[in-house]
Amino acid sequence: TWQLELSATKCTVLSLGYGNPTCEYCINNTAINSVVVQRDLGVLMSKDLKFHEHVNATSARCNRICWSILNNFVSRDIPTLVKLFKIYARPVLEYASEVFNPIFATDIDTLENCQRSFTRRLPGLADMNYKARCEKLNLDSLELRRLGKDLVFVFQCLRGFLHVDQDLFVLR
């Protein structure tokens, strides 16, 4: 309709699942590269629809942000540091969690370790366990926050606030 030209060098093919025939796709007689992991709207997805790469990349990015917060701010005021974590680090961990919400314990722990290590490095909290630190700082676990976001998403789908086919969400 809009006569948009595609650049074959910027396109990739991600074949989902196993046992798919390996086909070569072309645009204007230029072969398109086949990949096993692709980033789409900021989420890394592998051909088996697992998000291990996304979880690891997100965790690494969040850990760099946490390191920057703790090493570049002179203030050791705990409420200020927690607010900085909530503003800069937590959105990185929660972006598109409705899509990639981890089901594997290793992925859940990888994401939770970001908040766990940040709270451990706050002054006077290193000797407390993670749950006690979260209670003291009034922080919910990231797993609980993802569950809340999932429930809000399903509610919005079922109530018609999002334009999706409701039959996709209701098991019959």
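See above for the structure.
Treat the numbers as computed from the prediction; the structure is a model and nothing was measured.

**Side note on the side chain of Ser46**
With respect to the secondary-structure elements, Ser46 resides in strand β6 (residues 43-46). Ser46 sits in the buried class, given a relative accessible area of 6%. Within the local environment of Ser46, its side chain forms a polar contact with the side chain of Asp48, the two groups lying 2.3 Å apart. Apart from residues no more than four positions distant in its own chain, Ser46 is found in contact with Leu14, Leu16, Val36, Val37 and Glu53.

**A look at the packing of helix α4 (residues 105-120) against helix α6 (residues 142-158)**
Put simply, α4 and α6 touch, their axes get as near as 9 Å, and they point 115° apart. Relative to α6, the element α4 lies roughly perpendicular. Here Ile108, Leu111, Glu112 and Gln115 of α4 lie close against α6, whose contacting residues are Leu142, Glu143 and Arg146. A class-by-class count of the residues in the contact of α4 with α6 yields three nonpolar, one polar and three charged.

**What to know about the side chain of Glu94**
One can find Glu94 in helix α2 (residues 78-94). Given a relative accessible area of 9%, Glu94 falls into the buried group. Those residues in contact with Glu94 that lie beyond four places of it in its chain are Leu142, Arg145 and Lys149.

**Section: unusual backbone geometry**
Its identity is not glycine, yet Asn28 carries a phi of approximately 50°, on the positive side. Structurally, the position occupied by Asn28 is in the loop between β2 (26-27) and β3 (30-31). One non-glycine residue with positive phi stands out, namely Leu41, at about 50°.

**A few points about the nonpolar core**
Of all hydrophobic cores here, the largest spans 27 residues; its most connected members are Cys62, Leu81, Phe118 and Leu122. Elements that contribute at least two residues to this core include exactly α1 (52-72), α2, α4 and α5 (130-137). With seven residues, α2 is the largest single contributor of residues to this core.

**Observations concerning a nonpolar patch on the surface**
A cluster of nonpolar side chains, namely Trp2, Leu4 and Leu6, defines an oily patch on the protein surface of about 460 Å² accessible area. A relative accessible area of 68% means that Leu4 is categorised as exposed.

So, how was this worked out
- Residues numbered from 1 in each chain as written.
- Predicted model: local features only at pLDDT ≥ 70, side-chain atom pairs only at ≥ 80, totals over all residues.
- Heavy atoms only, no water.
- Helix = DSSP H or I, 4+ residues; strand = E, 2+ residues; numbered from the N terminus.
- Buried < 20%, exposed > 50% of the residue type's maximum accessible area, 1.4 Å probe, protein only.
- Polar contact = N/O pair within 3.5 Å; in protein donor to acceptor, adjacent residues only side chain to side chain.
- Contact = heavy atoms within 4.5 Å.
- Axes fitted to C-alpha atoms, helices over the stretch in contact; angles between N-to-C directions.
- Parallel < 35°, antiparallel > 145°, perpendicular 65-115°, else oblique.
- Nonpolar A, V, L, I, M, F, W, Y, C, P; charged D, E, K, R; others polar.
- Core = buried A, V, L, I, M, F, W, Y, C linked by side-chain atoms within 4.5 Å.
- Patch = residues over 30% accessible without salt bridge, like charges linked within 9 Å, V, L, I, M, F, W, Y side chains within 5 Å.
- Areas by Shrake-Rupley, 256 points an atom, 1.4 Å probe, with all protein chains shown as cover.
- Salt bridge = Lys/Arg side-chain N within 4 Å of Asp/Glu carboxyl O.

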